[in-house]
Amino acid sequence: MYKSLVRPLLFAFDPEAVHHFSFRSIKLLSRIPGFSTLSRKRYKQNHPALKRELFGLQFDNPVGMAAGFDKDAKAFKEFSNLGFGFIEIGTLTPVPQEGNPKQRLFRLKKDQAIVNRMGFNNGGVDLAVERLKKNPKLGHPNHVLIGGNIGKNKVTPNDQAVNDYIICFEKLFDHVDYFTVNVSSPNTPGLRELQDRKPLTHILQTLQDLNNKKPQRKPILLKIAPDLTDDQLMDIIGIVEDTKIDGVISSNTTISREGLQSEDSLINQAGGLSGAPLTKRATEVIAFLHDRSNGAFPIIGVGGIMTAQDAIDKINAGASLVQLYTGFVYEGPALIREINKAIIEL
């Protein structure tokens with residue numbers, strides 16, 4: 001129904017307008033008595049083979065929503081009813097920001113891809129915290145497992161970026177189950193420079209030092225770009241070892257445009273590319289990190305998961321969990337169910 005009826009209708013309109021419309025719609029529908037129960041019954045899979053224990057957290061299933069979709073924690077409960085095992089919110093910044101000028105989101109239908117240059121548009125960490133307070137505490141049967149993806153404001157110079165990450169970390173600490181440090185978006189000028197060994201080690205070690213002073217620490221993960229060279233990936237492995245963070249999310253969007261079939265007017269749009277063209281490279285990065293580190297840390301696989309087999313391939317490459325974004329847009333919630341079914345069958 002989604003692919004034959006809903007998607008063609010949604011794809012007839014501006015992608016960002018549709019995004020906001022979808023949020024309003026799912027929240028409105030969830031107020032109808034029985035809708036949430038019906039959604040869970042249709043899409044949520046319950047099976048021992050889906051359970052995962054990672055970073056000290058219990059995941060009902062290994063399929064999560066990637067950051068960038070529910071940036072401001074507006075609909076984490078509603079999306080969890082569609083079968084996601086966990087939701088990653090953000091990227092959040094200390095103060096609200098509009099992001100880059102519109103139009104900044106483009107569908108490349110021939111390639112089953114999306115190009116975005118959103119630029120960390122969000123309402124700021126304080127607003128998200130107020131919404132997250134509605135999530136029951138960890139251990140409650142209705143608790144939604146939440147990851148907090150954090151970044152820096154565009155106007156913050158790179159040599160002061162660590163302060164933005166500290167602010168978001170402290171404000172979110174009591175309201176998320178794990179953290180993701182985002183230094184890999186291509187849409188904030190200079191942000192990817194923070195992936196270099198020295199600044200990245202400084203940011204992660206600073207957060208770890210704060211984390212270790214807490215009564216009970218929270219897992220910290222690093223989200224990386226798929227465009228890193230082998231040498232840079234080896235640096236990432238070394239940084240994880242040095243700072244003792246809990247894992248890596250691989251990967252963010254790519255700046256590559258290799259092998260695309262869409263019109264030049266779409267291909268030439270600035271921003272990060274996600275979707276099917278990223279499938280192969282994202283899986284290669286997971287395999288490289290897993291093999292070269294001898295499986296020293298968990299990896300969450302994201303990037304180009306358009307089918308259940310794509311998810312299985314990432315798990316076979318070394319991913320412990322997977323996340324969806326563009327695949328969810330193109331395939332709908334049935335993809336979550338199909339991935340979980342495939343894992344059960346295995």
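What you are looking at is a predicted structure, and each value in this text was computed from that prediction instead of being measured.

Chemist: Which residues make up the sheet that holds strand β10 (residues 247–250), and what are the values?
Modeler: The strand order around the closed barrel formed by eight strands is β3-β4-β7-β8-β9-β10-β12-β13, and the pairing between neighbours is parallel. Across this sheet, the average inter-strand angle for adjacent strands is 25 degrees, counted without regard to direction. When strand β7 (residues 146–150) meets strand β8 (residues 178–182), the two strands line up parallel, connected through four bridges. When the sheet's bridge partners are listed, Asn149 is paired in β8 with Thr180. Packing of helix α7 (residues 197–212) onto the sheet brings it into contact with β7, β8 and β9 (220–224), and relative to β9 it is tilted by some 160 degrees.

Chemist: Break down the sheet that holds strand β5 (residues 105–108) for me, citing the residues and quoting the values.
Modeler: The strand order across the open sheet built from three strands is β5-β6-β11, with neighbouring strands paired in antiparallel fashion. Edge strands, defined here as strands with exactly one partner in the open sheet, are β5 and β11 (272–275). Shown here is a sheet whose adjacent strand axes are inclined to one another by a mean of 20 degrees, direction ignored.

Chemist: How would you sum up helix α2 (residues 15–30)? Please name residues and give values.
Modeler: When the terminal C-alpha atoms of α2 are compared, their 22 Å separation across 16 residues agrees well with the 22 Å that a helix rising 1.5 Å per residue should span. Within α2 the residues assigned to the buried category are Pro15, Glu16, Val18, His19, Phe23, Ile26 and Ser30. Projected down its long axis, α2 carries its buried residues within an arc of 160 degrees, all on one side. In α2, the exposed positions angled more than 90 degrees off the buried face are occupied by Arg24 and Leu28. Those residues of α2 that are buried are in contact with α1 (2–10), α3 (35–43), α4 (76–80) and β5.

Chemist: For the nonpolar core, give the residues involved together with the corresponding values.
Modeler: Residues Phe79 and Tyr165 are the most contacted members of the largest nonpolar core, which totals 81 residues. Setting aside anything within four residues of it in sequence, one finds Phe79 in contact with Phe23, Ile26, Met65, Phe69, Asp70, Phe84, Ile87 and Phe328. Among the nonpolar cores identified, the runner-up in size contains 13 residues, and Leu54, Ala66, Leu145 and Ile300 belong to it.

Chemist: With reference to specific residues and values, describe the pairing of β5.
Modeler: Of the two faces of β5, the one carrying Leu105 and Arg107 and the one carrying Phe106 and Leu108 are both buried. Bridge count for β5 against strand β6 (residues 113–116) is four bridges, and the pairing is antiparallel. For Arg107, the partnering residue across the bridge sits in β6 and is Ile114. Taking the residues between adjacent antiparallel strands as the criterion, β5 and β6 are bridged by four residues, where Gln112 takes a positive phi near 50 degrees.

Chemist: Describe unusual backbone geometry, and please don't skip the residues or the numbers.
Modeler: Between Gly90 and Thr91 the backbone carries a cis peptide bond, its omega angle lying at 15 degrees. In this structure, Thr91 sits in strand β4 (residues 86–92). Gln103 follows Lys102 through a cis peptide bond whose omega is 0 degrees. If you trace the backbone, Gln103 turns up in the loop between β4 and β5. If you check the backbone angles, Ala73 has positive phi at about 60 degrees while not being a glycine. Following the sequence through the fold, Ala73 ends up in the loop between β3 (63–65) and α4. Ala73 gets classed as buried once you look at its relative accessible area, which sits at 2%.

Chemist: Kindly report on the side chain of Lys152, identifying the contributing residues and their values.
Modeler: Of note, Lys152 is situated in the loop between β7 and α6 (161–172). Of the side chains bearing the opposite charge, Asp164 lies closest to the buried Lys152, which forms no salt bridge; the N-O distance is 6.2 Å. A polar contact is formed between the side chain of Lys152 and the backbone oxygen of Thr156, at a distance of 2.6 Å. Setting aside residues up to four positions removed in sequence, Lys152 forms contacts with Thr93, Phe120, Asn158, Ala161, Asp164, Tyr165, Thr188, Leu191 and Leu194.

Chemist: So what's going on with the pattern of salt bridges? Residues and values would help.
Modeler: The final tally for this structure, using the stated rule, is 15 salt bridges. Its salt-bridge partner being Glu263, residue Lys110 comes within 3.4 Å of it at the nearest N-O pair. You can see Lys110 sitting in the loop between β5 and β6 and its partner Glu263 sitting in the loop between β10 and α9 (264–267), a full 153 residues away along the chain. Lys110 gets classed as exposed once you look at its relative accessible area, which sits at 57%. Judged by its relative accessible area of 38%, Glu263 falls in the partly exposed class. Of the charged contacts in the structure, one is a salt bridge between Lys171 and Asp126, with a shortest N-O distance of 3.0 Å. Of this pair, Lys171 sits in helix α6 while Asp126 sits in helix α5 (residues 125–132), and the two are 45 residues apart along the sequence. Note on Lys171: relative accessible area 35%, which makes it partly exposed.

Scoring rules and cut-offs
Residues numbered from 1 in each chain as written. Predicted model: local features only at pLDDT ≥ 70, side-chain atom pairs only at ≥ 80, totals over all residues. Heavy atoms only, no water. Pairing = 2+ DSSP bridges. Helix = DSSP H or I, 4+ residues; strand = E, 2+ residues; numbered from the N terminus. Axes fitted to C-alpha atoms, helices over the stretch in contact; angles between N-to-C directions. Contact = heavy atoms within 4.5 Å. Expected span 1.5 Å × (residues − 1). Buried < 20%, exposed > 50% of the residue type's maximum accessible area, 1.4 Å probe, protein only. Arc of directions from axis to C-beta. Core = buried A, V, L, I, M, F, W, Y, C linked by side-chain atoms within 4.5 Å. Lys, Arg positive; Asp, Glu negative; His and termini not counted. Salt bridge = Lys/Arg side-chain N within 4 Å of Asp/Glu carboxyl O. Polar contact = N/O pair within 3.5 Å; in protein donor to acceptor, adjacent residues only side chain to side chain.

In short, shape yes, function no, at least from these values alone.
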